[in-house]
Amino acid sequence: MNLRISAELQLADEFRLQVDTELPLQGVTALFGRSGCGKTTLLRIVAGLERVRGARVQFAGQCWQDGRQFVPLHRRRIGLVFQEPSLLPHLSARDNLLYGYRRTPEALRRLHPDQVCALLGIEDLLQRRIDQLSGGQRQRFALGRALLTSPQLLLLDEPLSALDSQTKREIMPFLSRLATEAGVPMLLVTHAPEEVQRLADRVVFMQDGRIQCIESLQQALARPDSPLFADQGAASILLGELGEPQADGLRAFGPAASRLWLSSRQPSRPGQLQRLHIRAQDVSLALDDPQRISIQNHLPVRIERIDPIRPSQQLVSCRTADGQLLLAEVTRRAVEQLQLAPGLAVFALIKSVALLE
Ligand SMILES: Nc1ncnc2c1ncn2[C@@H]1O[C@H](COP(=O)(O)OP(=O)(O)OP(=O)(O)O)[C@@H](O)[C@H]1O
């Protein structure tokens, strides 16, 4: 399921959008870049909200726009969710939710109210008026309303950026469930690396109106100069299954050869991969497996490459036994003292991990 888009657009004097690309869209594709780089404009062209002369847009073999035809938004079967949930204040939460569902022909309905309510945890809120919902609850209803039109593509334009950080944390698990369970490809506009790391399968990096590159999340997290590391430093995402709590409360994450221990109250979802976030600065390297140490998580890894990131610091890219990439930030002095080099087998000591819900 690909999106093919080619468009040129001059906005005011100083901004020019120039895009000619084809994107695979399975799962979640993040459109990432600094404020003003053209993410929203690109999304509006895909939606048909910005009618650009000469642009071409094709989705899954259907032509939405070319020199001869222009399919309007309501016929593209797109779900749209913006920064501010645009719910109708005179309708109940329930009627808002069902607004698009009732207008979707029965033959096209693939998602149904019970399913979507359960996915978004809004069953108990259906009778409320819109002004009786919190910001996060409203945004969940906006997501539900968009989903219930059974769209073939969901466009999310910074759906979390108007929410405070507590509410963001509350709604993030629902978004990631939606990403894995709703089965609708999503194009997510964001400038928050955290949202990309939690939700995305691939990243479209934009700068000054152009697409710089398109990478899988793993590729985007594998280069030291990744724009995702610009503000908060390098980090890895490990994928694995989360086990049940042991007697001491810790839970296993990942296969036996690369097993980590962590504490989390998140329900385990057997058979489903979950994401673990590990900051490179929380990872140390040792030549031997230290036994008399309080850090619980020691993984045997092999060094793949070493890149300078600051005058005194180096980023060491390591491969775990199950083939995943783990980044460690260590001093140049440590690299020299331990004679760290590509190919060397070492132990990664991980001080802190965070399960992304
Ligand atoms: N209608 C318009 N008229 C003139 N300039 C516009 C218009 N809409 C957007 N722009 C300009 O086009 C550029 C791209 O805007 P756009 O909203 O697409 O960026 P963005 O990457 O989504 O930014 P943000 O992350 O802040 O939402 C900006 O410089 C913006 O000021």
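In this text the structure is predicted, and so the values were computed from the model without any measurement.

About the criteria used
Residues numbered from 1 in each chain as written. Predicted model: local features only at pLDDT ≥ 70, side-chain atom pairs only at ≥ 80, totals over all residues. Heavy atoms only, no water. Helix = DSSP H or I, 4+ residues; strand = E, 2+ residues; numbered from the N terminus. Contact = heavy atoms within 4.5 Å. Pairing = 2+ DSSP bridges. Axes fitted to C-alpha atoms, helices over the stretch in contact; angles between N-to-C directions. Near = heavy atom within 4 Å. Polar contact = N/O pair within 3.5 Å; in protein donor to acceptor, adjacent residues only side chain to side chain. Areas by Shrake-Rupley, 256 points an atom, 1.4 Å probe, with all protein chains shown as cover. Core = buried A, V, L, I, M, F, W, Y, C linked by side-chain atoms within 4.5 Å. Buried < 20%, exposed > 50% of the residue type's maximum accessible area, 1.4 Å probe, protein only. UniProt positions renumbered as here; feature names shortened; annotations may be inferred. Arc of directions from axis to C-beta. Phe/Tyr/Trp six-rings, centres within 6.5 Å; stacked < 30°, edge-to-face > 60°. Lys NZ or Arg CZ within 6 Å of the ring centre and 35° of its normal.

Considering the environment of phenylalanine 70
Phase 1 of the analysis: Here phenylalanine 70 is to be found in the loop between strand 5 (62-65) and helix 2 (73-76).
Phase 2 of the analysis: A sequence separation of 14 residues divides phenylalanine 70 from arginine 56, and the C-alpha atoms of the two residues are 9.2 Å apart.
Phase 3 of the analysis: Setting aside its immediate chain neighbours within four residues, phenylalanine 70 contacts Gly48, Arg51, Trp64, Gln65 and Arg76.

A look at the sheet that holds strand 8 (residues 186-190)
Phase 1 of the analysis: Pairing is mixed across the open sheet formed by six strands, whose spatial order is 6-7-8-3-9-10. Of all the strands in the sheet, just strand 6 (78-81) and strand 10 (210-216) have a single pairing partner and so form its edges. Across the sheet, the mean angle from the axis of one strand to that of its neighbour is 15°, orientation sign disregarded.
Phase 2 of the analysis: Of the pairings in the sheet, the one linking strand 3 (residues 28-32) to strand 9 (residues 202-207) comprises four bridges and is parallel in character. Along strand 9, the bridge assignment pairs phenylalanine 32 with phenylalanine 205.

Some remarks on the site of the ligand
Phase 1 of the analysis: Taken together, Leu11, Phe15, Arg34, Ser35, Gly36, Cys37, Gly38, Lys39, Thr40, Thr41, Glu158 and His191 make up the full set of residues near the ligand.
Phase 2 of the analysis: The backbone of glycine 38 places a nitrogen or oxygen atom 3.0 Å from an oxygen atom of the ligand.
Phase 3 of the analysis: Note that an oxygen atom of the ligand is positioned 2.8 Å from one of the side-chain N or O atoms of threonine 40.
Phase 4 of the analysis: Notes on the ligand: free accessible area 640 Å², of which the protein chains cover 59%.
Phase 5 of the analysis: Of all the elements, helix 1 (residues 39-47) adds the most residues to the shell around the ligand, at three residues.

Here's the deal with the nonpolar core
Phase 1 of the analysis: Core analysis: the largest hydrophobic core is formed by 38 residues, its most contacted members being Phe141, Leu147, Leu154, Leu156 and Leu178.
Phase 2 of the analysis: For this core, the leading source of residues is helix 6 (residues 165-181), giving six residues.
Phase 3 of the analysis: For leucine 147, the residues in contact, after removing those within four places along its chain, are Leu111, Val116, Leu119, Leu154, Leu178, Ala182 and Val184.
Phase 4 of the analysis: Among the nonpolar cores identified, the runner-up in size contains 29 residues, and Leu43, Val52, Val204 and Met206 belong to it.

Quick look at the pairing of strand 11 (residues 235-240)
Phase 1 of the analysis: For strand 11, the buried fraction is high: five of the six residues fall into the buried class.
Phase 2 of the analysis: In terms of strand pairing, strand 11 meets strand 15 (residues 274-279) through six bridges, oriented antiparallel. Residue isoleucine 237 lies in a different strand from strand 15, and its bridge partner there is histidine 277.

Describing the UniProt feature "domain: Mop" (unreviewed entry) in the protein
Phase 1 of the analysis: Residues annotated by UniProt as "domain: Mop" (unreviewed entry) correspond here to residues 292-357.
Phase 2 of the analysis: Regarding residues 292-357, the helix share stands at 11% and the strand share at 58%, and the terminal C-alpha atoms are separated by 32 Å.

Description of helix 4 (residues 113-120)
Phase 1 of the analysis: Every buried residue belonging to helix 4 is among Pro113, Val116, Cys117, Leu119 and Leu120, and all of these are buried. Looking straight down helix 4, one finds that the buried residues subtend no more than 165° of arc, so they occupy a single side.
Phase 2 of the analysis: In this structure, the buried side of helix 4 is in contact with helix 3 (93-102), helix 5 (135-147) and helix 6.
Phase 3 of the analysis: Glycine 121, located one to two residues past helix 4, shows a positive phi value of around 60°.

Observations regarding the side chain of threonine 29
Phase 1 of the analysis: On the secondary structure map, threonine 29 appears in strand 3.
Phase 2 of the analysis: You can call threonine 29 buried: its relative accessible area is 0%.
Phase 3 of the analysis: Setting aside its immediate chain neighbours within four residues, threonine 29 contacts Pro24, Met186, Leu187, Leu188, Arg202 and Val204.

Things to note about the UniProt feature "domain: ABC transporter" (unreviewed entry) in the protein
Phase 1 of the analysis: When the UniProt feature table is mapped onto this chain numbering, "domain: ABC transporter" (unreviewed entry) sits at residues 1-233.
Phase 2 of the analysis: Its end C-alpha atoms 33 Å apart, residues 1-233 is made of 31% helix and 26% strand.

Quick look at the side chain of glutamate 50
Phase 1 of the analysis: In this fold, glutamate 50 is placed in the loop between helix 1 and strand 4 (56-59).
Phase 2 of the analysis: Looking at glutamate 50, its side chain comes within polar contact range of the side chain of arginine 44, at 3.2 Å.
Phase 3 of the analysis: Setting aside chain neighbours within four positions, we find glutamate 50 in contact with Leu9, Arg44 and Ile45.

Concerning the packing of aromatic side chains
Each aromatic ring pair is characterised by the separation of its centres together with the angle its planes make.
Phase 1 of the analysis: Applying the stated criterion across every chain yields a total of two aromatic pairs.
Phase 2 of the analysis: Plain terms: the ring middles of phenylalanine 59 and tryptophan 64 are 5.0 Å apart, the flat faces sit at 20° to each other, and that makes the pair stacked.
Phase 3 of the analysis: Using a relative accessible area of 1% as the deciding quantity, one classes tryptophan 64 as buried.
Phase 4 of the analysis: The positively charged end of arginine 103 is found above the aromatic ring belonging to tyrosine 99, 3.8 Å away from the centroid.

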